[in-house]
Amino acid sequence: MRRAWAAISAIASKDLKVARRDQVTTYVLAGSLLLAGAARLFLPLVEGTQPRFAVLEGAPAALIERLEAAGRVELCADEAALRARVLEQDDAPGLMVDEHGALALLLEGDEAPAVVASTMAAARSEAATQGGGDGPPRPPIRAIGLSLLLYAAVVLVGSAMGLGIVEERESGAMSAMSVTPLRFREYVIAKLAVSGALAMTLGVAAAWVAIGAAAPLGSIALAALGIVPITWLFGLVIGAAASNQLAAMAAMKGLMLVLVSAPVVGFMDLGGWAWLLTPFAPHWGVQGMFAALNGQAPWAALWAALWAAPWVAGLLLLLRRRVTAAT
Amino acid sequence: MRAAALWSLLWLDLRLAWRGRLFAVTLALGAVMAGAVRIFAPAELGGAHELEELAAAWAAEGGRLTTLRPQAQAMTLQARLVPAVICLDVLVVGFFFGGVMLLQEKALRTLAAYRVSPGGAGLYVTSKVLVNLLMALLYTALVLVIVPPAGASIGAIAGVMGVVSLGSATCTLGGIALAAPFRGLSSFFYPAAVASMVLSAAVPAYVAPAFATEGMSWIRALPTYQAFFALCELLGPGGRAGVLPGFLWISGVGLVITAALAWWLTARRVMQEVA
């Protein structure tokens, strides 16, 4: 037991030293915290985005007032400027009073019906989309964005673990280790412990940077704990499947499809097809983080751990075979 | 002489990419993503009936409704997703490949051998760009075969290949320039992931154009943002002025800057450190 502990701490210490020498730890921390800082800066802007209306100068003050109650009004000097503004890519409808005194609505043509309906409602002084309107509730963009970001901060640590294994194989360090008393399980426990601890720390630190002192750090830590097996899964796929850095990149590219698309699709309205996401651990991981951010218990992250666990076990067996074959 | 050297390098890079399963994974992903778009994304227009009802109600109240670009309605969700499938792989993920190829050769010490050959940094970088370009064009062709763009002319398809080529070259060169100072993939991965996430900020702006306003207008300067709308313009109804010139301007400037940086860093740093 004492020997095993010494071997595990030796490998963990070696991994941390290599990570420090190659500045991997610095980049992992800086990259995640930088993104968390950017999220803190930009997500409120995105959430506070108001509908925009382009209005021809000289339009009745009452119309402008009604539109300002529903969004932001941009005044255009002449009709050509109004048309040019409407043709920009941000779905801002145009309004003007034509020569016959009729209220003219200018659309580009690809606006969603909801945009057209809310513009008409605002111009008519009906209940507008902002504040007190009876339109569909706005999606919680900030919580969705943050949960995806924190999930990414935790899971991407797996890349450092996987690429570390690939580099050990390429550099011959793995062959050297095979003639020491080190056992495979000690090697793996060290890898999983270092990446798990780093992932947890990073998830909580990123939440603190992105949200501040108000962040429910306890729930976020629990959600991050549930996501850690996905971090291991990510690292083990790279470590077990790739024999060199190019193959590692190919493995990451293939895996990213599931790691990114399942969580994003989970926030869409899938109707009766939502059950299809059940076996996808990344979906549950992000849902757990989303619950934690909303002050709820992150039970979904437990599902993430349960669904990822068999994959982690299978990949450990595969990695053992690869390591044995390589040495 | 230089053509023969380039051909040798290109052949070597192609074999390495093939052995690393980059081609296989890229094409398999293209097939899966394009297949999913073909199967799940509606190929019919949605909301047209609702818009007609809104227009009728507006007219009944004495209002007038003018659609400046009526053909814009003709883009289905399936058609709108094709530029996203192409851009995400070629530009956002493709950004990694140039850098990874360079780092792989650092690890294998192939670069040390190359240093004492007559080839220079220019040929070395060109070869990487051409391999990624080939992969990007094959991927795009596969996506367009699986989800054929309705009514797109041969000229439009050629234009798509041109946009993909320019975007792929810029991103590969950017990846090489970013990777040059790093020792290995594990230290390069995070900075590249952050850069890729910034490039992918164009995705929500493509889905909801209002996203690129209110302090987020910097997204419009990203080559990915310009490429999304340039592909949409070529594969869709067209008629939106300034989209293609905007892409050409931003990507052209990006290509010149990334080419200069990639060449300079390869010549002055990568080739020196392995000498």
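Up top you'll find the structure we're talking about.
Every value quoted in this text rests on a predicted model; they were computed, and no experiment measured them.

A. The pairing of strand E1 (residues 52-56) of chain A, seen in detail. Residues and elements named next belong to chain A. For E1, the tally of buried residues reaches five of five residues, placing the bulk of the element in the interior. Residues Arg-52, Ala-54 and Leu-56 of E1 are buried on one face, and the alternating residues Phe-53 and Val-55, pointing to the opposite face, are buried as well. Pairing geometry for E1 and strand E2 (residues 72-76), over five bridges, is parallel. Directly across from Leu-56, in E2, lies its bridge partner Cys-76. As for the winding sense of the linkage, the β-α-β connection from E1 through helix H3 (residues 61-70) to E2 is right-handed. Sheet analysis places E1 next to strand E3 (residues 94-97), joined by two bridges and oriented parallel. Among the inter-strand pairings, Val-55 is bridged to a residue of E3, identified as Leu-95.

B. Expanded view of the sheet that holds strand E4 (residues 103-107) of chain A. If you trace the five strands from one edge of the open sheet to the other, you get E2(A)-E1(A)-E3(A)-E4(A)-E1(B), paired in mixed fashion. In this open sheet, the two edge strands, each paired with only one partner strand, are E2 of chain A together with strand E1 (64-67) of chain B. Strand-to-strand twist of the sheet, defined as the mean angle between neighbouring strand axes without regard to direction, takes the value 25°. Helix-sheet contacts for helix H4 (residues 79-86) of chain A involve E1, E2, E3 and E4 of chain A together with E1 of chain B, and the interaxial angle to E1 of chain A is about 165°.

C. Representation of the state of the cysteines. All names here are of chain B. Evaluated as defined, the whole model comprises zero disulfides over all chains. With no disulfide of its own, Cys-171 has Cys-87 as its nearest cysteine by sulfur position, at a separation of 9.1 Å. Looking at Cys-171, the relative accessible area reads 5%, which means it is buried. As a non-bridged cysteine, Cys-232 has Cys-87 as the owner of its nearest cysteine sulfur, 9.9 Å distant.

Quick notes on the rules
- Residues numbered from 1 in each chain as written.
- Chains lettered and ligands numbered in written order.
- Predicted model: local features only at pLDDT ≥ 70, side-chain atom pairs only at ≥ 80, totals over all residues.
- Heavy atoms only, no water.
- Buried < 20%, exposed > 50% of the residue type's maximum accessible area, 1.4 Å probe, protein only.
- Helix = DSSP H or I, 4+ residues; strand = E, 2+ residues; numbered from the N terminus.
- Pairing = 2+ DSSP bridges.
- Right-handed = clockwise from strand over helix to strand, strands pointing away.
- Axes fitted to C-alpha atoms, helices over the stretch in contact; angles between N-to-C directions.
- Contact = heavy atoms within 4.5 Å.
- Disulfide = S-S within 2.5 Å.

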